[in-house]
Amino acid sequence: MFRALRPVFTRPSGTVRTCVLLVLLAATGIAILELVREQTGTPGFFVGLGLALLPVAPLMAAFRWLGRAAPAPWPQLLFCFGWGACTAALIAILANNFATEWIAAATADPSGADRLGSVAIAPVVEESAKAAALLLVFAFRRRHLTGPADGFVVAGFTATGFAFTENILYLGNAFVQDLADGTGVLDSVTAATFFVRVVLSPFAHPLFTVLTGLGVGAAAVGVRRSHRICLPLLGLAAAMGMHALWNGSSQFGDHGFYIVYACVMVPAFGLLVWLAVRIRHRRLRAVADELALYAAAGWLAPAEVPALASMPARSLARALARRSGGRAAGRTVARYEADAAALALLRNRARRGGPPLEADFARRERELLHRLWQHRATAAPALARAAVLEELLPPWSHAAQPAGGVTVADPAAVPGPRREEARREGTQREGALREEMRREEPFLRRSGPWTPATPAGPSSIRPCVLPGGDGVR
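Below: a short report on this structure. Numbering of residues starts from 1 in every chain and runs along the sequence as written. Totals for whole chains, interfaces and linings use every residue, but because this is a predicted model, local features are given only for residues with pLDDT of at least 70 and side-chain atom pairs only at 80 or more, for both listing and counting. In computing side-chain values, all of the structure's heavy atoms are included and hydrogens and water are not.

With that out of the way, let us pick up the overall build of the protein chain. Tallying secondary structure elements over the protein chain gives 14 helices and four strands in all. Within the span of the protein chain, comprising 473 residues, buried residues form 48% of the whole. Whether two residues touch is decided by their heavy atoms; if any such pair falls within 4.5 Å, the residues are in contact. For the protein chain, long-range pairs separated by at least 24 residues make up 78% of all intrachain contacts whose partners lie at least 6 apart in sequence. Surface accessibility follows the Shrake-Rupley procedure with a 1.4 Å probe radius. Residue values consider only the protein chains on display as shielding. Counting only carbon and sulfur atoms, one obtains 64% of the accessible surface of the protein chain, whose full area is about 23700 Å². A run of H or I in DSSP counts as a helix once it spans at least four residues, and a run of E counts as a strand once it spans at least two, with each numbered from the N terminus. Here the term buried applies to any residue with accessible area under 20% of the maximum for its type, exposed to any over 50%, and partly exposed to those in between, with areas from a 1.4 Å probe on protein chains only.

Okay, here's the thing in structure tokens:
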């Protein structure tokens, strides 16, 4: 009986999940817009909206810059922004208001309830609501979380969306208050609120939530189950603590806000900027190290490796492709660069024993290699030219031998493209795979190790020994 019922409870498809999330975002978006408009009034809403938009683009650009080494899909980032701006903001407003009113009714002390709600309730509710977006990405799009950098970016987009909606509310209420009091522009509450929230501390919410993102990103590549559970919780606890300290700064006297800002927020912000730059640099080094192995196996030309590990060279390659082949060629090079970085980080994660040793590593590797091979005729010349113009040649050969060596049994062993004159595989399954690939994918075949490619039918893919082993086939 239970076997018969089992197919009914299969995991919903990606399309179903996407539709559910879009409906959820649309419903919460409409609700939060109406709720904020009701609290601020229509004039206050539009003034707050215009002012709150100002820091959004710089913050999104900064987080996108961090993730450019292996860019996450824009739909995923926009979902995170929408979750923070709509769903998380709605949850926070409703939960904070309910908790504050309940405490005020229980204690008969409205001012004390506001202080307690700001310091104890709001950090827990808001950081948990924002963290839900990261958990959804972790649960359903874990392959896009290749380390702390991806958690950093996803958390940053989520928190930017949340701060956007919160700024509309604060700035709109301040404008309504100024209208009622007839205050001048320079002496207005709106100007003071704008200075504190948009000029002085636009990074506050991203700073808190990034701590959760670092924990989630580290958990995505963690080997032990305890790490995958404890690291996100540790990051969330740190985010709540930092948020509570920030909200409670006004309780430390007249200068408490400035003391916390100067002694805690600014150093923490500087530390995270340094960490972001270091993470980006390490990701590019990992891209160079892993792609050098694929170059040794024949998938890439030597000049492509330093170009793919340099952000200026990548940008130049896209520009060169657009100049010679139009926007379509530029987009092809961009896809090629993203796929190459994803391939390198996939292999790097498998090498470190990602959970569990990247069970779908072979499938994902084959998929990415096929896409690279299809776009190589357009992307490889542009990347090689960019490497020459950026003076990145030679020195890339040091990356050909990553530390630690890898054996044939390594799950991340590099496959090599097989030439037509090589001996045929003996099994019927591999023969059928070759026929299927011939029908579906127009590969390129090299006549020699580094000679120009010529159109040919596809080659089968078979594991080969990494450099330092018995040789690449």
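The criterion is simple. A nonpolar core is a set of buried Ala, Val, Leu, Ile, Met, Phe, Trp, Tyr and Cys residues joined through side-chain atoms within 4.5 Å. One finds Phe 152, Phe 157, Trp 246 and Met 265 to be the most contacted residues of the largest nonpolar core, which totals 60 residues. Secondary structure elements with two or more residues in this core: α2 (14–52), α3 (56–66), α4 (74–107), α5 (110–140), α6 (148–181), α8 (204–220), α9 (225–247) and α10 (256–296). Ranked by residue count, the leading element in this core is α4, at twelve residues. Apart from residues no more than four positions distant in its own chain, Phe 152 is found in contact with Phe 63, Leu 66, Val 210, Gly 213, Leu 214, Leu 272 and Ala 276. Ranked by size, the runner-up nonpolar core spans 39 residues in total, among them Ala 286, Val 287, Leu 300 and Ala 307.

As a further point, take a positive patch on the surface. Candidate patch residues must exceed 30% relative accessible area and have no salt bridge, after which like charges are joined if within 9 Å and Val, Leu, Ile, Met, Phe, Trp or Tyr side chains if within 5 Å. Within this document, salt bridges are pairs made up of a side-chain nitrogen of Lys or Arg and a carboxyl oxygen of Asp or Glu, the two lying within 4 Å of each other. The sign given to each residue is positive for Lys and Arg and negative for Asp and Glu; His and the chain ends receive no count. Think of each charge as sitting on NZ of Lys, CZ of Arg, CG of Asp or CD of Glu. On the surface, Arg 278, Arg 282, Arg 285 and Arg 352 cluster together into a patch of positive charge. Inspection of the secondary structure puts Arg 278 in helix α10. A relative accessible area of 45% places Arg 278 in the partly exposed class.

Attention now moves to unusual backbone geometry. Generally, phi is negative for residues other than glycine and the peptide bonds are trans, each holding for most cases. Backbone geometry at Glu 391 places phi at a positive 55°, although glycine is not the residue there. Within the secondary structure layout, Glu 391 lies in the loop between α13 (361–389) and β1 (415–417). The exposure class of Glu 391 is exposed, given its relative accessible area of 69%.

Attention now goes to the pattern of salt bridges. Side chains that carry opposite charge are capable of pairing whenever their charged atoms lie near each other. Overall, the coordinates contain eleven salt bridges when judged by the stated rule. Here Arg 347 ties to Glu 290 by a salt bridge, and the two come within 2.8 Å at their closest N and O atoms. Highlighted residues: Arg 347 in helix α12 (residues 311–351) and Glu 290 in helix α10, separated in sequence by 57 residues. Taking the relative accessible area as the measure of exposure, Arg 347 reaches 0% and is therefore buried. The buried category is assigned to Glu 290, whose relative accessible area is 2%. For Arg 364, the salt bridge goes to Glu 367, with nearest N and O atoms at 3.3 Å. Here Glu 367 and Arg 364 lie together in helix α13, a separation of three residues that amounts to about one turn. By relative accessible area, which is 8% here, Arg 364 ends up buried. One network of salt bridges, with partners in common, ties together Asp 339, Arg 363, Arg 364, Glu 367 and Arg 371.

Our focus in this paragraph is the packing of aromatic side chains. Here the aromatic set is Phe, Tyr and Trp, taking the six-membered ring for Trp, and pairing holds for ring centres within 6.5 Å; pairs whose planes are under 30 degrees apart are stacked, those over 60 apart are edge-to-face, and all others are tilted. Using the criterion set out here, one finds eleven aromatic pairs in the structure. When the centroid spacing of 5.1 Å and the interplanar angle of 55° are considered together, the rings of Trp 246 and Phe 257 count as tilted. Within this pair, whereas Trp 246 is found in helix α9, its partner Phe 257 is found in helix α10, the two being separated by eleven residues in sequence. According to the relative accessible area criterion, Trp 246 is buried, its value standing at 13%.

For a helix, the expected span equals 1.5 Å multiplied by the number of residues minus one. Counted at 1.5 Å a residue, the expected span for α12 with its 41 residues is 60 Å, but the 24 Å between its end C-alpha atoms falls short. The reported bend at a residue is simply the angle between two axes, fitted to the 7 residues ending at it and to the 7 residues beginning with it. At Gly 325, α12 shows its maximal bend, which comes to roughly 145°.

For the rest of this paragraph, the subject is the environment of Ser 188. You can see Ser 188 is positioned in the loop between α6 and α7 (189–200). The spacing of Ser 188 and Gln 177 is eleven residues in sequence and 8.8 Å in space, taken between C-alpha atoms. With residues near it in sequence (within four places) discarded, Ser 188 still touches Asp 178 and Thr 183.

Mapped onto the elements, Arg 385 comes out in helix α13. Taking the C-alpha atoms as reference points, Arg 385 and Glu 304, separated by 81 residues in sequence, lie 9.0 Å from one another.

Across the interface, α4 lies against α5 with an axial gap of 8 Å and an inter-helix angle of 150°. Classified by the angle their axes make, α4 and α5 are roughly antiparallel. For the crossing formed where α4 meets α5, the hand is right-handed. All axes here are fitted lines through C-alpha atoms, helices being fitted over the stretch that makes contact, and every angle between N-to-C directions spans 0 to 180 degrees. Roughly parallel covers angles under 35 degrees, roughly antiparallel covers those over 145, roughly perpendicular covers 65 to 115, and oblique covers all other angles. Two helices crossing with the near one rotated counterclockwise from the far one by less than a right angle form a left-handed crossing, whereas a clockwise rotation gives a right-handed crossing.

Of all the residues in α3, the buried ones are Val 56, Leu 59, Met 60, Phe 63, Arg 64 and Leu 66. Seen end-on, α3 carries its buried residues on one side only, within an arc spanning 155°. Directions pointing from the helix axis toward each C-beta atom define the arc.

A few words on a nonpolar patch on the surface. The grouping of Trp 65, Phe 269, Val 273 and Val 277 at the surface amounts to a nonpolar patch, some 340 Å² of accessible area in total. Looking at which element gives the most residues to the nonpolar patch, the answer is α10, with three residues. With respect to the helices, strands and loops of the structure, Val 273 is situated in helix α10. For Val 273, a relative accessible area of 39% puts it in the partly exposed group.

Where α3 meets α4, the closest approach of the two axes is 13 Å, and the angle between their N-to-C directions is 135°. The angle between the axes of α3 and α4 places the two elements in the oblique class. Crossing handedness for the pair α3 and α4: right-handed. Of the residues in α4, those touching α3 at Val 56, Met 60 and Arg 64 are Trp 74, Leu 77, Leu 78 and Phe 81. When the residues that make up the contact of α3 with α4 are grouped by side-chain class, the tally is six nonpolar, no polar and one charged. Residue type decides the class: Asp, Glu, Lys and Arg count as charged, Ala, Val, Leu, Ile, Met, Phe, Trp, Tyr, Cys and Pro as nonpolar, and the leftover types, Gly among them, as polar.

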